[in-house]
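Here is what each chain is made of, one letter per residue.
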Amino acid sequence: MRHILAVAVAVTLMATVVSAQERSRTQSAAVPSTDDALDGEKLFGTLCGFCHQGGGRVAGRGPKLAGTDRPDEYLLNRIRVGKEGAMPAYGRAFSETQLRALIAYIRSLKDDQ
Ligand code: HEC
């Protein structure tokens, strides 16, 4: 009985190691994109989509961003300083390039919903 238990534990451990390796392999295989809109989409999906739903295409916890008529500077400022009690400030989290990529992404959204 003890022996069977030890084998079961060993098999479980091996399966965990293999799946961790599998995961890191698929991550490092990701080709870094040079397309601003695509990078912006990735950043947006990870950090902003929780509130700006549908990738910013529909209103959720935050407003819909697709088709906004606000100027770039307004949008940049909102992302940098956020809004008390509504949206976190990301000024320290993003480089200027990343901020521009986010704006490019927001501008690339089609306002069709
Ligand atoms: C916790 C929820 C939340 C998160 C996370 C969030 N936002 Fe917001 N966002 C809001 C809310 C709420 C507003 C409306 C604030 C206001 O009244 O101006 C807003 C406003 C904005 C605006 C201005 C839109 C407009 O027309 O007034 C932009 C641009 C924006 N967010 C981009 C982003 C980006 C980019 C991210 C990710 C880096 C992000 N937000 C993450 C909640 C969020």
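Reference entry: report on the structure contained in this document. (Residues numbered from 1 in each chain as written. Predicted model: local features only at pLDDT ≥ 70, side-chain atom pairs only at ≥ 80, totals over all residues.)

Regarding its fold elements, the protein chain presents five helices and zero strands. Partitioning the intrachain contacts of the protein chain with sequence separation of at least 6 by distance along the chain shows that 51% fall at a separation of at least 24. (Helix = DSSP H or I, 4+ residues; strand = E, 2+ residues; numbered from the N terminus. Contact = placed C-beta atoms within 7 Å.)

Along the polypeptide, Gly-55 turns up in helix H3 (residues 53-56). Judged by the 16 C-beta atoms lying within 10 Å of it, Gly-55 falls in the partly exposed class. Along the sequence, Gly-55 and Leu-65 sit ten residues apart, while their C-alpha atoms lie 8.7 Å from each other. In contact with Gly-55, not counting residues within four places along its chain, are Phe-44, Gly-45 and Gly-49. (Buried ≥ 20, exposed ≤ 12 C-beta atoms within 10 Å, placed from the backbone.)

A few words on the site of the ligand. Near the ligand you find 21 residues, and of these Cys-48, Cys-51, Gly-62, Ala-86 and Met-87 are the closest. Listed by contribution, the elements that provide at least two residues to the shell around the ligand are helix H2 (36-47) and helix H4 (72-81). For the shell around the ligand, the leading source of residues is H4, giving three residues. For the shell around the ligand, the per-class residue count stands at 14 nonpolar, three polar and four charged. (Near = placed C-beta within 6 Å. Nonpolar A, V, L, I, M, F, W, Y, C, P; charged D, E, K, R; others polar.)

Between H4 and helix H5 (residues 96-108), the shortest axis-to-axis distance is 10 Å and the interhelical angle comes to 125 degrees. Classed by the angle they form, the pair H4 and H5 counts as oblique. Pair H4 / H5 crosses with right-handed handedness. For the pair formed by H4 and H5, the contact residues are Asp-72, Leu-75, Leu-76 and Ile-79 on the first element and Leu-99, Leu-102, Ile-103 and Ile-106 on the second. Across the contact of H4 with H5, the residue classes tally to seven nonpolar, no polar and one charged. (Axes fitted to C-alpha atoms, helices over the stretch in contact; angles between N-to-C directions. Parallel < 35°, antiparallel > 145°, perpendicular 65-115°, else oblique. Left-handed = near helix turned anticlockwise from the far one by under 90°.)

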